[in-house]
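The primary structure of each chain is shown beneath.
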Amino acid sequence: MITFLQRRRLWVKLLVLILAFVLPFGVLGYFTLATYNEHLGIARLEKDGNAVIRPLAELAVGLTEHETAIRLRQPAEIQAAQATVDRAFSALEDARRLYGPQLSFTSAMLDMRGLGHLRPEVVRPAWEALKSQWAQLKPAEVAARHRTLGSLIQTMIQDVGDTSTLILDPALDSYYVMDLVIGALPAVQDRLGRLATQAAFESGEPDSASTVVGLAALVRDNDLPRIDTGVDRAIKEDGRNFGRSESLGRELPPKAATLRREIDALVSAASGATPARDAVVAASHRVQDALIKLWRSAADELDILLDQRSASWRAKRFNAFSLTGAALVLSTLLAVYVIRLITQPLGQLTAAATAAATRGDLSLPIPEEGPDEIGQLAGAFHAMTGRFRSVAEVAGDLADGNVRVDIQPLSEADEMGTSLTRMVTNLSEVAKLAERMAAGDLRVAVKPHSRDDVMGHALETMVGSLSTLTGQVQRAAIVMNSSVTDIAATARQQQATTSEVAATTTEIGATSKEIYATSKELLKTMNEVADVAEETASLATGGQTGLVRMEETMNLFVEALAGINARLGVLSEKAANINQVVTTISKVADLTNLLSLNAAIEAEKAGEFGRGFAVVATEIRRLADQTAVSSYDIEQMVKEMSSAVAAGVMGMDKFAEQIRRGVQDVRQVSTQLSGIIRQVQTLTPRVLAVNEGMEAQATGADQITQALSGLSDATQQTADSLRQSNASIERLHDASRGLLKSLDGFKLKGA
Amino acid sequence: MLFVLFQTGPERYAVEAARVEELLPRPATLRPLAKAPPEIAGLTDHRGAILPVVDLCQILLGRPAAPHAATRMLVVKCGEVRLGLVVERACETLRREPGEFQATGVSLPDAPYLGPMTRDGRGLVQWVEPERLLPPAVRQALSVRLAEEVAA
């Protein structure tokens, strides 16, 4: 438990403290409530007992009436009394059923308590037996049985008084009324019962009148004062306990007075020398009547008083409960407020301290300074954060480069202040060195403060490196200057190139647009192509059938040509024969010519003798010449014919060959046409595909145009940036010249 | 006088019929002579005697005679020597008197065979003497002498 509490937060601990105080108050409240409930229980029990006593009173009075009526032999009165008793028994049963268990008045409980003779199953049969048998019984037996029943009822009244704690009634007003209900009035009834029976026996027994008078006097002198005192006391005490009952003083005294008056009348009626029996009986009746009226009123008043008591206790219980509850709520609210007063500033402080410790954040709100411990803690925290802030400002100034800050240690124990002061001093030295270096004096001597002085070492190294670097930079600046000049030239070239690129891009853009337009036209053309392809397919189908017919015709041609060729062969043979004959004729003619010439030559040589012969020779030669000419003509004709025939044959052969080739070609054309038909049939989907491709191409060209427009912009930007870079290069050139000039200001150790 | 007409190519010539011994078809075969000038076509048998044959087309035109049926061989006598002259179209005779020939007026030392010209219905005809047609080398090889050489 202790460990558990130690681990809890502060408000939990405070809550547990409050609970520790609330617990005994709770116990106290419980016991108080228990007491109130006990009082209420008593009142309720008393009221239950009163409810049972009512039918018992009626029963007692009824029995007396019954006995009296039997004595007087009045059948109507007997019937009425029996009905009264039966009603009372029924009412008793009802009350017993309702309140029996609380009052230990059930049959089983009566047995347990040794009061078995009071059980209803014993008492009721006794009455039933009396009711049905009284005519056969002797008067003494009837009287005894009534007496027995009467005493049983008296015992019941006493027992209910005990078990209902009526007898222990704590309030005086109700106590006196209770005394009337279960003490004085039952005793009066007992005596008056006997008085009534005595009055009824008056005629038979001479002492009856004196007994009646004695009993009446006893009642008047002994019981009536008790009743009066009880009524007086009750009225007097009423109001001191649980409030005043208006009906108490109004109901009880007149009825008690009536009872006294009736008893006085009975005494006076019975006290004469010869008391009239009927008058006594009548007076006794009236007394009985007054008694039961008073009894009923007393029971009613007791109920009222008990109700008042219950109401009073209930009100008290409510007050106690609500007051305790209100007090608890108030104290809890107060406790919560106090807890908040403690935990809230503490929580703020904790959050601020955590933020400062973990995130270095000093800006979180801190509670106001106050006289209590938390207020003091807040004040100390304020001071601490103020110190932190001033240190942070100093550090900030240092961070901004301001080394002329004012910082002093608060005490010798202020490690942070001391260190910060030393830091400021050291940084000031470094700053001075840096100022000299800034002025271009690199001949400064740097001494590190310790082996761990990283900055000192670094500064030392830096001075050395800067010296080296400055030398190198001077050389590099010269090189850079010339390089910048080169770069400027290159940049100008690049600019020119970019302009060309821009022009080219524009051309490409125009071309791309043309491509786009051409693609669109191609698309249209492709659709026409598709239509033409379909027409071609149908035409090709027609052409194929035509070709089949043509092939058949050509085959017929070839056959016919073979016949012609054969005829021509015969003709050629005949021509050759003619040629032979003509050759022979030619030779003969030639020889004849030769012969005639020789003859002419010989005739010439013969002179005058040869003259006639010369003439003959000349004639022969002329014949020979004609023959030669004719044969030559024939030969020429035959030759022409032969060559014509040969040419014809050749032509025929060529023709036949051409036809054969034509047939083959036709077949080929036919198959090709089939192929064309197939191809053309497959052309349409391809044209569709090409169409899609064309559309894609058109879209692509469009995209290219757009992309080129982007490229053109980019090129334009490149050109702009090149112009800018030209300007930059120019500035760079100026800068390098400036660099060279400013580097002259550095003074180096070696130099 | 009767002349026998012949041609070498288109040019027409006339030779005295008295000088022609015989007109024969061109021999089917000639026996060629080794190392002889191309004008001498070869040797043939003529009625039991050896006859040298000269191609006039070769001499006058520089080409052999065409192989026509009218291409014939004239057998002429040059002094003691008989010669076969192959000519083209030797198919006609012409009767003319010597006075009917006219001098050409042209005298060529390299062509001494060219004599006077006459005309007939088909054009000009030149009178030639066969031995003068032959070049000197052929003449010498065939032992043919001209008339003036014989006189000398």
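Scoring rules and cut-offs
- Residues numbered from 1 in each chain as written.
- Chains lettered and ligands numbered in written order.
- Predicted model: local features only at pLDDT ≥ 70, side-chain atom pairs only at ≥ 80, totals over all residues.
- Heavy atoms only, no water.
- Helix = DSSP H or I, 4+ residues; strand = E, 2+ residues; numbered from the N terminus.
- Rg over C-alpha atoms; globule rule 2.2 N^0.38 Å.
- Buried < 20%, exposed > 50% of the residue type's maximum accessible area, 1.4 Å probe, protein only.
- Contact = heavy atoms within 4.5 Å.
- Areas by Shrake-Rupley, 256 points an atom, 1.4 Å probe, with all protein chains shown as cover.
- Lys, Arg positive; Asp, Glu negative; His and termini not counted.
- Charge placed at Lys NZ, Arg CZ, Asp CG, Glu CD.
- Phe/Tyr/Trp six-rings, centres within 6.5 Å; stacked < 30°, edge-to-face > 60°.
- Lys NZ or Arg CZ within 6 Å of the ring centre and 35° of its normal.
- 1 Å grid on protein atoms, 1.4 Å probe; cavity = no way out; pocket = protein on both sides within 12 Å on 5 of 7 lines; lining within 4 Å.
- Points joined across faces, edges and corners; volume = space filled by probe spheres on them.
- Nonpolar A, V, L, I, M, F, W, Y, C, P; charged D, E, K, R; others polar.
- Patch = residues over 30% accessible without salt bridge, like charges linked within 9 Å, V, L, I, M, F, W, Y side chains within 5 Å.
- Salt bridge = Lys/Arg side-chain N within 4 Å of Asp/Glu carboxyl O.
- Disulfide = S-S within 2.5 Å.
- Buried area = accessible area lost by both parts, 1.4 Å probe.
- Domains from an automatic or database assignment.

Chemist: Please provide a residue-by-residue account of the overall build of chain B, values included.
Modeler: The secondary structure content of chain B amounts to four helices and nine strands. Seen in sequence order, chain B has helices and strands lined up from the N terminus as β-β-β-β-β-α-β-β-β-β-α-α-α. Taken over the C-alpha trace, chain B has a radius of gyration of 15 Å; the compact-globule value for 152 residues is 15 Å, and the two agree within 12%. In terms of overall dimensions, chain B has a C-alpha envelope of 40 × 40 × 30 Å along the principal axes. Relative to its 152 residues, chain B shows a buried fraction of 50%. For chain B, long-range pairs separated by at least 24 residues make up 54% of all intrachain contacts whose partners lie at least 6 apart in sequence. Taken as a whole, chain B presents about 8,000 Å² of accessible surface, with 53% of it coming from carbon and sulfur. Side-chain charges in chain B split into 18 positive and 18 negative, and the spacing between the mean points of these groups amounts to 4 Å.

Chemist: So, the packing of aromatic side chains: which residues are in play, and what are the values?
Modeler: All chains considered together, the criterion is met by nine aromatic pairs over all chains. Ring centres of Tyr175 of chain A and Tyr176 of chain A lie 5.6 Å apart, and the angle between their planes is 75 degrees; on these two criteria the pair is classed as edge-to-face. Overall, Tyr175 of chain A belongs to the partly exposed group, its relative accessible area being 32%. What makes Tyr176 of chain A buried here is its relative accessible area of 17%. An aromatic cluster of at least three residues, connected via ring pairs, comprises Phe3, Phe101 and Trp127 of chain B. Over the ring of Trp313 of chain A we find Lys316 of chain A; its NZ or CZ atom is 4.4 Å from the centre of that ring.

Chemist: Which residues make up the layout of surface pockets, and what values do they have?
Modeler: Taken as a whole, the largest pocket encloses approximately 880 Å³ of empty space. Taken together, 33 residues make up the lining of the largest pocket; nearest its centre are Asp590 and Ala628 of chain A together with Ala69, Ala70 and Cys91 of chain B. Elements with a minimum of two residues in the lining of the largest pocket: helix 13 (454–605) and helix 14 (611–743) of chain A together with strand 1 (2–8), strand 2 (11–16) and strand 7 (81–95) of chain B. Counting residues per element, the lining of the largest pocket draws most heavily on helix 14 of chain A, which supplies nine residues. Looking at the lining of the largest pocket, its residues break down into 14 nonpolar, eight polar and eleven charged. By volume, the second largest pocket amounts to about 280 Å³. Along the walls of the second largest pocket sit 16 residues, with Val61, Gly62, Glu65, Thr84 and Arg296 of chain A positioned nearest its centre.

Chemist: Give a description of a nonpolar patch on the surface that names residues and reports values.
Modeler: Residue and element names in this part refer to chain A. A surface patch of nonpolar side chains, about 410 Å² in accessible area, is lined by Leu334, Tyr337, Val338 and Leu341. Considering the arrangement of structural elements, one finds Val338 in helix 10 (residues 277–359). The exposure class assigned to Val338 is partly exposed, which follows from its relative accessible area of 38%.

Chemist: For the state of the cysteines, give the residues involved together with the corresponding values.
Modeler: Residues and elements named next belong to chain B. Using the criterion set out here, one finds zero disulfides over all chains in the structure. Left without a disulfide partner, Cys91 is nearest to the cysteine sulfur of Cys57, which lies 13 Å away. Owing to a relative accessible area of 17%, Cys91 belongs among the buried residues under this scheme.

Chemist: Could you give me a rundown of the interface of chain B and chain A, with the residues and numbers involved?
Modeler: Interface size, as often reported, equals the accessible area lost upon joining of the parts. Listed per partner, the contact involves 18 residues of chain B and twelve residues of chain A. Approximately 1,200 Å² of surface area, both sides summed, lies buried where chain B meets chain A, with 53% of it carried by carbon and sulfur atoms. For the chain B face of the interface with chain A, the top three residues by lost area are Leu23, Arg72 and Thr93 of chain B, together amounting to 35%. The residue Glu604 of chain A makes a salt bridge to Arg95 of chain B at a minimum N-O spacing of 3.0 Å. For the side of chain B that touches chain A, the elements supplying multiple residues, two or more each, are strand 1, strand 3 (20–25) and strand 7 of chain B. Among the elements that take part in the side of chain B that touches chain A, strand 3 of chain B stands out by supplying six residues, more than any other. Looking at the side of chain B that touches chain A residue by residue, the class counts come to twelve nonpolar, one polar and five charged.

Chemist: Any chance you could break down empty space enclosed by the protein for me, citing the residues and the numbers?
Modeler: The rolling of a water-molecule-sized probe over the atoms marks out the regions of remaining empty space. All names here are of chain A. The final tally for this structure, using the stated rule, is two cavities of 30 Å³ or more. The volume enclosed by the largest cavity comes to roughly 40 Å³. Every residue lining the largest cavity is listed: Glu65, Thr68, Ala196, Val281, Ser284, His285 and Gln288. Listing elements by their share of the lining of the largest cavity, those giving two or more residues are helix 2 (10–72) and helix 10. If you tally residues by element for the lining of the largest cavity, the top one is helix 10, at four residues. If you add up the space inside the second largest cavity, you get close to 30 Å³. Along the walls of the second largest cavity sit Ala352, Ala356, Asp361, Leu362, Leu364, Ile366, Phe381 and Thr385, which together make up its complete lining. Residue assignment for the lining of the second largest cavity shows that the elements contributing at least two residues are helix 10 and helix 11 (373–400).

Chemist: Hey, could you go over the domain arrangement of chain A for me, with residue numbers and the actual values?
Modeler: Splitting chain A by domain gives domain 1 (25–331), domain 2 (373–439) and domain 3 (463–743). Relative placement of domain 1 of chain A and domain 2 of chain A: their C-alpha centres are 103 Å apart.

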